[in-house]
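Architecture at a glance
Residue-level listing of the chains:
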Amino acid sequence: MIELDGAAGEGGGQILRTALALSMITGRPFRITRIRANRPKPGLMRQHLVAVQAAARVSGATVSHAELGSEQLSFAPGPVVAGDHAFAIGSAGSCTLVLQTLVLALLHADAPSTVRVTGGTHNDMAPPVQFLQRAYAPLLAAMGARVEFRLERYGFYPAGGGTVVAEVTPCAGLTPITLLERGARRAGFAEAFTAGIPPRVGQRELACIGSKMGWDEAQLMPYVLPGEQGPANAVLITLEHEHVTEVFAGFGAKMVRAEAVAGQALKEARDYIGSGAAVGEHLADQLMLPMALAGEGRFTVSTVSRHALTNAEVIGRFLPVDIVFEPGERRSTCVVRGACAGV
């Protein structure tokens, strides 16, 4: 039984999600206390509870204290079982975070799987679906894994109601990759999504991004979604390079100007561009786990967050790998070393 402190390091939900994924993959049970202790509302919120319930169903796990608000949990998995799975968060909690808990484990099943999750598809503090489609899935493919994400309906805070489907094909093992340079830029564009609010909000966001990035109208794409999916607004900046694609997001909120929403995505994009790194802060978080499962890997990253350092610590509790960050002048290099034969 691996003992985890949910208040360690960054102290958020990623500790639980990484533990669930690796427990299913390795078969090692764990117990976690002080779940999300560093958040304003500690304990399991709905999206975290659904991630636990989904992991339990996929692996036939024995679970204790799986209830809303619980600050402790034990999880003892069985074998990962393929199938068609559907999970409803019942709020605007993030579909993408639930899927990221499951997909790497389902690579170890004995048949293809389909997972449908309903809830929020574009949430602050979570990767939007386009991030999974454009940034995450292609890197998994480069490592030999086939995972496809499909967005069937948008869902925003507070209404939720979005739907994302993941199709996972089993994989005998992940191939290590090295990602030190992003390569030449092939494309760059911005998208603004509005639902139930004036379309001019998205147009202002795109105008701001176009001005700062030097992009023309062909690179600025407004989308007006059905009103019942709102009121909501999100803006995405996508930078496609030879070796990696990055997606940066900003999310609208009451009393926040359109230019400020665009500024959220712009700051992350421009910091990434200026660093010269292959991947940005959030993609680094997601790339460490498959690299650890592959047994080794290396990538350059624009920002090493406390979130990433905490994730590396949790991975090291389940897998025989060392994850270190070597600082540089404008970027750092993440190095994964170890032997995960049979994992």
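Values in this document were obtained by computation on a predicted structure and should not be read as measured data.

What follows concerns the overall build of the chain. The secondary structure content of the chain amounts to 8 helices and 16 strands. Taking 2.2 N^0.38 as the reference for a compact globule, 343 residues should give roughly 20 Å; the C-alpha atoms of the chain span a radius of gyration of 19 Å, in line with that estimate. Oriented by its inertia axes, the alpha-carbon framework of the chain measures out at about 55 × 45 × 35 Å. Among the 343 residues that make up the chain, the fraction classed as buried is 56%. Accessible surface, the chain: about 14,100 Å² in total, of which carbon and sulfur atoms supply 51%. Of note, the chain has its 30 positive side-chain charges centred 4 Å away from the centre of its 30 negative side-chain charges.

A complete count under the given rule lists 12 salt bridges for this structure. Between Arg 116 and Glu 152 there is a salt bridge, with the nearest N and O atoms lying 2.4 Å from each other. In this pair, Arg 116 is assigned in strand β6 (residues 113–119) and Glu 152 in strand β7 (residues 146–153), connecting sequence segments 36 residues apart. Notably, a salt bridge pairs Arg 150 with Glu 167, separated by 3.1 Å at the nearest N-O pair. Highlighted residues: Arg 150 in strand β7 and Glu 167 in strand β8 (residues 162–169), separated in sequence by 17 residues. What emerges from the salt-bridge pattern is a single network uniting Arg 116, Arg 150, Glu 152 and Glu 167.

Phe 30, Val 279 and Phe 299 are the most contacted members of the largest nonpolar core, which totals 115 residues. For Phe 299, the residues in contact, after removing those within four places along its chain, are Leu 179, Leu 180, Val 279, Ala 284, Leu 287, Met 288, Met 291, Ser 332, Thr 333 and Cys 334.

Another aspect to go through is the sheet that holds strand β12 (residues 232–241). Across the sheet, which stays open at both edges, the 4 strands sit in the order β11-β10-β12-β13 with mixed pairing between neighbours. The open sheet has two free edges, formed respectively by β11 (220–225) and β13 (245–251), since each of these has just one partner strand. Looking at each pair of strands side by side, their axes are set apart by 20° on average, direction ignored. In terms of strand pairing, β12 meets β13 through 7 bridges, oriented antiparallel. What sits directly across from Leu 239, in β13, is Glu 246.

The end-to-end C-alpha distance of helix α7 (residues 281–294) is 21 Å, a good match for the 20 Å that 14 residues give at a rise of 1.5 Å each. The largest bend in α7 amounts to roughly 30° and is located at Leu 287, with the proline Pro 290 lying one to four residues further along. A large share of α7 lies buried, amounting to 12 of its 14 residues. Residues of α7 that are buried: Leu 283, Ala 284, Asp 285, Gln 286, Leu 287, Met 288, Leu 289, Pro 290, Met 291, Ala 292, Leu 293 and Ala 294. Within two residues after α7, Gly 295 carries a phi angle of roughly 100°, on the positive side.

Bringing the UniProt feature "active site" (unreviewed entry) in the chain into the picture now. What UniProt calls "active site" (unreviewed entry) maps, in this numbering, to His 307. Relative to the helices and strands, His 307 resides in helix α8 (residues 306–318). If we ignore the near neighbours within four places in the chain, the residues touching His 307 are Glu 10, Gln 14 and Asp 285. A distance of 2.6 Å separates the side chain of His 307 from the side chain of Asp 285, its partner in a polar contact.

Counting across every chain of the model gives 2 cavities of 30 Å³ or more. By volume, the largest cavity amounts to about 100 Å³. Around the largest cavity sit 13 residues that line it, and Gln 14, Thr 18, Gln 100, Gln 286 and Leu 289 are the ones nearest its centre. Those elements giving two or more residues to the lining of the largest cavity turn out to be α1 (14–26), α3 (95–106) and α7. Residue composition of the lining of the largest cavity, by class: 5 nonpolar, 6 polar and 2 charged. A volume near 40 Å³ is recorded for the second largest cavity. Contributing to the lining of the second largest cavity are Ala 192, Phe 193, Thr 194, Pro 199, Gly 202, Gln 203, Pro 222, Tyr 223 and Val 224. Going through the elements one at a time, β10 (185–195), α5 (200–213) and β11 are the ones with two or more residues in the lining of the second largest cavity.

Criteria and thresholds
- Residues numbered from 1 in each chain as written.
- Predicted model: local features only at pLDDT ≥ 70, side-chain atom pairs only at ≥ 80, totals over all residues.
- Heavy atoms only, no water.
- Helix = DSSP H or I, 4+ residues; strand = E, 2+ residues; numbered from the N terminus.
- Rg over C-alpha atoms; globule rule 2.2 N^0.38 Å.
- Buried < 20%, exposed > 50% of the residue type's maximum accessible area, 1.4 Å probe, protein only.
- Areas by Shrake-Rupley, 256 points an atom, 1.4 Å probe, with all protein chains shown as cover.
- Lys, Arg positive; Asp, Glu negative; His and termini not counted.
- Charge placed at Lys NZ, Arg CZ, Asp CG, Glu CD.
- Salt bridge = Lys/Arg side-chain N within 4 Å of Asp/Glu carboxyl O.
- Core = buried A, V, L, I, M, F, W, Y, C linked by side-chain atoms within 4.5 Å.
- Contact = heavy atoms within 4.5 Å.
- Pairing = 2+ DSSP bridges.
- Axes fitted to C-alpha atoms, helices over the stretch in contact; angles between N-to-C directions.
- Expected span 1.5 Å × (residues − 1).
- Bend = angle between axes of the 7 residues up to and from the residue.
- UniProt positions renumbered as here; feature names shortened; annotations may be inferred.
- Polar contact = N/O pair within 3.5 Å; in protein donor to acceptor, adjacent residues only side chain to side chain.
- 1 Å grid on protein atoms, 1.4 Å probe; cavity = no way out; pocket = protein on both sides within 12 Å on 5 of 7 lines; lining within 4 Å.
- Points joined across faces, edges and corners; volume = space filled by probe spheres on them.
- Nonpolar A, V, L, I, M, F, W, Y, C, P; charged D, E, K, R; others polar.

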